[in-house]
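Examination of the molecular architecture
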Amino acid sequence: MKNATQSGDERQAALCEWAQPVLSALLQRTLPAPPAAQSLGGDASFRRYFRYIDTDTAQSFLLVDAPPPNEDVALFVRVAAEFQATGMRTPRIYEADPEQGFMLLEDFGDSLFLPRLQSARQSGQEHVANSLYESAMASLLDLQMDSCASPLPPYDNDRLLGEMRLFDQWFCGEMLALDLEPETQRMLDDTWRFLAEAAIAQTQVRVHRDYHSRNLMVIGGDVSARPGVIDFQDAVIGPITYDLVSLLKDCYIVWSRSQVEHWLRRYYRQSCERSLLAKPLLFSDFFRDFELMGLQRHIKVLGIFCRLALRDGKRGYLGDLPVVLDYVQQTARAYPELATFSDWFERVPLPKISERLQQESC
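I will try to describe carefully the structure that is included in this document. (Residues numbered from 1 in each chain as written. Predicted model: local features only at pLDDT ≥ 70, side-chain atom pairs only at ≥ 80, totals over all residues. Heavy atoms only, no water.)

What follows is about the packing of helix α9 (residues 283–310) against helix α10 (residues 321–334). As a packed pair, α9 and α10 sit with axes 9 Å apart at the nearest point and diverge in direction by 145°. Of the two possible hands of crossing, α9 and α10 adopt the one that is left-handed. Contacts from Glu291, Leu295, His298, Ile299, Val301, Leu302, Phe305 and Cys306 in α9 reach Leu321, Val324, Leu325, Tyr327, Val328 and Thr331 in α10. Its residues assigned to classes, the contact of α9 with α10 comprises 11 nonpolar, two polar and one charged. (Axes fitted to C-alpha atoms, helices over the stretch in contact; angles between N-to-C directions. Helix = DSSP H or I, 4+ residues; strand = E, 2+ residues; numbered from the N terminus. Left-handed = near helix turned anticlockwise from the far one by under 90°. Contact = heavy atoms within 4.5 Å. Nonpolar A, V, L, I, M, F, W, Y, C, P; charged D, E, K, R; others polar.)

Before going further, it helps to spend a moment on the layout of surface pockets. A volume near 240 Å³ is recorded for the second largest pocket. As for the second largest pocket, its lining consists of 16 residues, of which Lys249, Arg257, Glu291, Tyr327 and Gln330 are closest to the centre. Residue assignment for the lining of the second largest pocket shows that the elements contributing at least two residues are α8 (257–273), α9 and α10. It is α10 that provides the largest number of residues to the lining of the second largest pocket, a total of five residues. Across the lining of the second largest pocket, the residue classes break down as eight nonpolar, three polar and five charged. (1 Å grid on protein atoms, 1.4 Å probe; cavity = no way out; pocket = protein on both sides within 12 Å on 5 of 7 lines; lining within 4 Å. Points joined across faces, edges and corners; volume = space filled by probe spheres on them.)

Position of Arg47 relative to the elements: it lies in the loop between β1 (38–42) and β2 (48–53). Residue classification places Arg47 among the buried residues on the basis of a relative accessible area of 4%. A polar side-chain atom of Arg47 sits 2.8 Å from a polar atom in the side chain of Tyr49. Within polar-contact distance, the side chain of Arg47 engages the side chain of Asp231 at 2.7 Å. (Buried < 20%, exposed > 50% of the residue type's maximum accessible area, 1.4 Å probe, protein only. Polar contact = N/O pair within 3.5 Å; in protein donor to acceptor, adjacent residues only side chain to side chain.)

Here helix α3 (residues 113–122) has its buried residues at Phe113, Leu114, Leu117 and Ala120. Along α3, the residues classed as buried sweep out an arc of 130° about the axis, all on the same side. Contacts from the buried residues of α3 go to α4 (126–145) and β7 (216–217). Where α3 ends, the next residue or the one after it, Gly124, has phi of about 70°, a positive value. (Arc of directions from axis to C-beta.)

With 103 residues, the main nonpolar core has Phe167, Phe171, Phe341 and Phe345 as its most contacted residues. Tallying contributions element by element places α9 first for this core, with 14 residues. With residues near it in sequence (within four places) discarded, Phe341 still touches Met187, Leu188, Thr191, Trp192, Ile299, Val328 and Ala332. One finds Trp18, Leu27, Phe50 and Leu104 within the second-largest nonpolar core, a separate group that totals 16 residues. (Core = buried A, V, L, I, M, F, W, Y, C linked by side-chain atoms within 4.5 Å.)

For the rest of this paragraph, the subject is helix α12 (residues 349–361). When the terminal C-alpha atoms of α12 are compared, their 18 Å separation across 13 residues agrees well with the 18 Å that a helix rising 1.5 Å per residue should span. All buried positions along α12 are accounted for by Pro349, Leu350, Ile353 and Leu357. One side of α12 carries all its buried residues, which in axial view fall inside an arc of 90°. Residues of α12 that are buried make contact with α5 (157–175), α10 and α11 (339–347). (Expected span 1.5 Å × (residues − 1).)

Turning to the pairing of strand β4 (residues 93–97), a few remarks are in order. Pairing geometry for β4 and strand β5 (residues 102–106), over four bridges, is antiparallel. Bridge pairing links Asp97 to Phe102 in β5. Adjacent in sequence and paired antiparallel, β4 and β5 are bridged by four residues, among which Gly101 carries a positive phi angle near 80°. (Pairing = 2+ DSSP bridges.)

This next bit is on the environment of Leu247. Residue placement: Leu247 occurs in helix α7 (residues 242–248). Sequence separation between Leu247 and Leu216 is 31 residues, and the spatial gap between their C-alpha atoms is 9.5 Å. Not counting residues up to four positions away in its chain, the partners in contact with Leu247 are Tyr133, Ala136, Met137, Tyr211 and Leu216.

So, about the side chain of Glu291. Checked against the element boundaries, Glu291 lands in helix α9. For Glu291, a relative accessible area of 5% translates into the label buried. If we skip the residues at most four places from it in the chain, Glu291 touches Lys249, Arg257, Thr331 and Tyr335.

Here's what the structure looks like:
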């Protein structure tokens with residue numbers, strides 16, 4: 001067994017050796033040596049990706065190193081199959097070895113939504129952005145509409161609260177060295193419970209859990225086609241607005257409130273037409289659900305981004321904090337139930353994190 005205690009170079013060599021006979025069978029000829037695969041780096045997980053392009057056929061494949069016990073290849077395979085059954089475009093899995101943590105996948109290429117959206121905005125190509133979001137929402141509706149039984153775990157109260165408490169530990173404690181007084185901790189606990197209850201009260205559907213512009217890909221250059229979807233292995237059964245928040249209040253690209261509301265109304269109309277909502281809701285109530293779900297997600301993300309930076313050495317995530325901080329500030333201000341949290345957030349952690357980020361940039 002090739003385990004996670006090996007060095008990165010040793011695991012890469014073992015992965016390429018493992019892939020050699022698999023690729024030989026797919027290409028219907030014997031590869032004389034392990035493939036020379038180009039590193040594509042990793043993501044927020046422990047996974048690493050390598051691309052192999054066959055010189056004879058120009059076919060491209062992704063070799064994935066997902067070292068156990070940090071990554072669960074068997075889970076990745078199961079969720080991919082479940083999502084594919086709903087019509088979502090996840091990569092084909094040619095071969096997987098859960099014991100060693102190796103996979104050979106279909107290669108969707110390099111065309112992420114994020115640069116296409118940035119380019120469309122800079123060049124005034126509103127129709128391109130609309131096509132990308134409409135295709136992403138159509139794919140999401142298919143996923144949510146599927147009524148087959150699912151083994152995915154619930155996005156339950158414990159999970160929702162546990163995620164928001166990452167804010168307490170990693171954002172307040174580790175990043176800002178804040179000593180949360182008992183009264184402040186009680187206020188945070190009350191706020192987290194309020195947000196968790198709001199999430200659980202929503203229609204429950206399949207949730208990708210990270211459905212945003214860095215995990216959606218343009219396939220074959222067609223911005224209107226269903227996107228390629230990656231990084232889905234943490235899927236759950238949870239609130240209907242969660243993936244919409246990930247998509248429309250993205251941590252990596254920001255749109256105006258009016259533009260977000262325009263896209264959200266389109267999704268709302270389609271969900272009503274398809275009787276997706278468990279109970280009738282006015283758009284204003286649906287928008288409130290969306291906003292509160294966004295606050296839960298962005299509170300969690302503040303903790304996760306700080307953990308990635310401090311624990312895992314991925315300092316680039318600090319550059320994404322200002323967008324998330326602004327989402328939290330704007331949403332908390334908008335709802336009377338969150339007034340105490342909003343006041344504390346703006347008085348205490350916001351000035352401290354602004355100062356810390358300024359120091360980081362020097």
